[in-house]
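The residues making up each chain are set out below.
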Amino acid sequence: MINNKLILASALLACFVYTVYADAPDAAAQLINRHSKELIEECEKEIGTTVQEVQNASDNDEKKMCFHKCLITKDGFISTDGAINIEHIKEYFSSNAKKPKNVDAVISCLEAIGRINSCQEMSKMKTCFKQ
């Protein structure tokens, strides 16, 4: 059962991250590998959802957005107070061969956002990666 959850979680994260990294699909796979089974299970419990529910939800579904916010917060891309960790994101980009073509534009966009205070604000972050 846990292996099925991990497979579904990986598929879900692949879909989300591919949307975010539309111009760098290999970066999506690298980001997915960062999320451990334990981290995914923590976010499922914290948000009160399952990977299956998130996978079947619409893009603007509150729990789906909260699940993604949980993952990237636990991964250090956003602090617990909502501040986007620009340095962590730069480090992540610099350590990966595959990254968005327009890293500077993505970083500038993220800096302009400043904080992600609600789950719905995840759409702002997603927009930065689609530039």
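Our structure's up above, just so we're on the same page.
Quick caveat, the model's predicted, so the values are computed rather than measured.

### Looking at the packing of aromatic side chains
Part 1: In total, this model carries two aromatic pairs according to the counting rule given.
Part 2: Relative to Tyr-92, the ring of Phe-77 has its centre 5.6 Å away and its plane inclined at 90°; by these criteria the two rings are edge-to-face. Here Tyr-92 lies in helix H6 (residues 86-94) and Phe-77 lies in the loop between helix H5 (62-74) and H6, a separation of 15 residues in the sequence.
Part 3: A residue is classified by how much of its surface remains accessible, and Phe-77, at 7% relative accessible area, is buried.
Part 4: On the accessibility criterion, Tyr-92 (5% relative accessible area) is buried.

### Notes on the packing of helix H3 (residues 37-47) against H5
Part 1: Relative orientation of the contacting elements H3 and H5 amounts to 135°, with a least axis distance of 9 Å. As summarised for this structure, H3 and H5 are arranged oblique, according to the angle between their axes. Crossing hand, H3 versus H5: right-handed. Between H3 and H5, the contacting residues are Leu-39, Ile-40, Glu-42, Cys-43, Glu-44, Glu-46 and Ile-47 on the first element and Lys-63, Cys-66, Phe-67, Cys-70, Leu-71 and Lys-74 on the second.

### Some words on the state of the cysteines
Part 1: All told, the structure shown has three disulfides when counted by the stated rule.
Part 2: Across the disulfide from Cys-109 sits Cys-128; the S-S distance is 2.0 Å. The sign of the S-S torsion, about -70°, decides the handedness of the disulfide formed by Cys-109 and Cys-128: left-handed. Of this pair, Cys-109 sits in helix H7 (residues 103-113) while Cys-128 sits in helix H8 (residues 122-128), and the two are 19 residues apart along the sequence. Cys-128 shares its class with Cys-109; the two are buried.
Part 3: Ordinal numbering of bonded cysteines along the chain defines a disulfide pattern of 1-3, 2-5, 4-6.

### Focus on the packing of H6 against H7
Part 1: Across the interface, H6 lies against H7 with an axial gap of 11 Å and an inter-helix angle of 165°. Relative to H7, the element H6 lies roughly antiparallel. Relative to H7, the crossing made by H6 is right-handed. Contacts between H6 and H7 involve Ile-86, Ile-89, Lys-90 and Phe-93 on the former and, on the latter, Val-103, Val-106, Ile-107, Leu-110 and Glu-111.
Part 2: Class assignment of the residues belonging to the contact of H6 with H7 gives a composition of seven nonpolar, no polar and two charged.

### Some thoughts on H6
Part 1: Among the residues of H6, Ile-86, His-88, Ile-89, Tyr-92 and Phe-93 are the ones counted as buried. Along the long axis of H6, the arc covered by the buried residues comes to 160°, so they all point the same way.

### Considering the nonpolar core
Part 1: With 21 residues, the main nonpolar core has Ile-84, Ile-89, Leu-110 and Met-125 as its most contacted residues.
Part 2: Counting residues per element, this core draws most heavily on H7, which supplies five residues.
Part 3: Those residues within four positions of Leu-110 in sequence are excluded, and the remaining contacts are Ile-84, Ile-86, Ile-89, Met-125, Cys-128 and Phe-129.
Part 4: Leu-39, Cys-43, Phe-67 and Leu-71 belong to the second largest nonpolar core, which has eight residues in total.

### Comments concerning the environment of Glu-44
Part 1: Looking at where Glu-44 falls in the secondary structure, it is placed in helix H3.
Part 2: Here Glu-44 falls in the buried class, since its relative accessible area comes to 6%.
Part 3: Each C-alpha atom of the pair Glu-44 and Cys-66 lies 9.9 Å from the other, and the pair is 22 residues apart in sequence.

The rules behind each value
Every chain's residues receive numbers from 1 upward, in the order its sequence appears when written. The predicted nature of this model means local features are confined to residues of pLDDT at least 70 and side-chain atom pairs, given and counted, to a pLDDT of 80 or more, with totals for whole chains, interfaces and linings taken over all residues. Processing note: side-chain calculations cover all non-hydrogen atoms of the structure and skip hydrogens and water entirely. In this scheme Phe, Tyr and Trp rings, the latter by its six-membered ring, pair at centre separations within 6.5 Å, and the angle between planes marks the pair as stacked below 30 degrees, edge-to-face above 60, and tilted otherwise. A helix here means a DSSP run of H or I that spans at least four residues, while a strand means a run of E at least two residues long, and both kinds are numbered starting from the N terminus. Here's how the labels work: a residue is buried when its accessible area is under 20% of the maximum for its type, exposed when over 50%, partly exposed in between, all with a 1.4 Å probe on protein chains only. Helix axes are fitted to C-alpha atoms over the stretch in contact, other axes to C-alpha atoms as well, and angles between N-to-C directions run from 0 to 180 degrees. Oblique is the label for any angle not under 35 degrees, not over 145, and not in the 65 to 115 range, which are roughly parallel, roughly antiparallel and roughly perpendicular in turn. Note: crossing handedness is left-handed where the near helix turns anticlockwise from the far helix by less than a right angle, and right-handed where it turns clockwise. Contacts were defined at the residue level, with two residues in contact if any of their heavy atoms lie within 4.5 Å. Our working definition of a disulfide is a cysteine sulfur pair at a distance within 2.5 Å. Under the scheme applied, nonpolar residues are Ala, Val, Leu, Ile, Met, Phe, Trp, Tyr, Cys and Pro; charged residues are Asp, Glu, Lys and Arg; polar residues are all the others, including Gly. Note that the arc is defined by the directions from the helix axis to the C-beta atoms. To form a nonpolar core, buried Ala, Val, Leu, Ile, Met, Phe, Trp, Tyr and Cys residues must be joined to one another through side-chain atoms within 4.5 Å.

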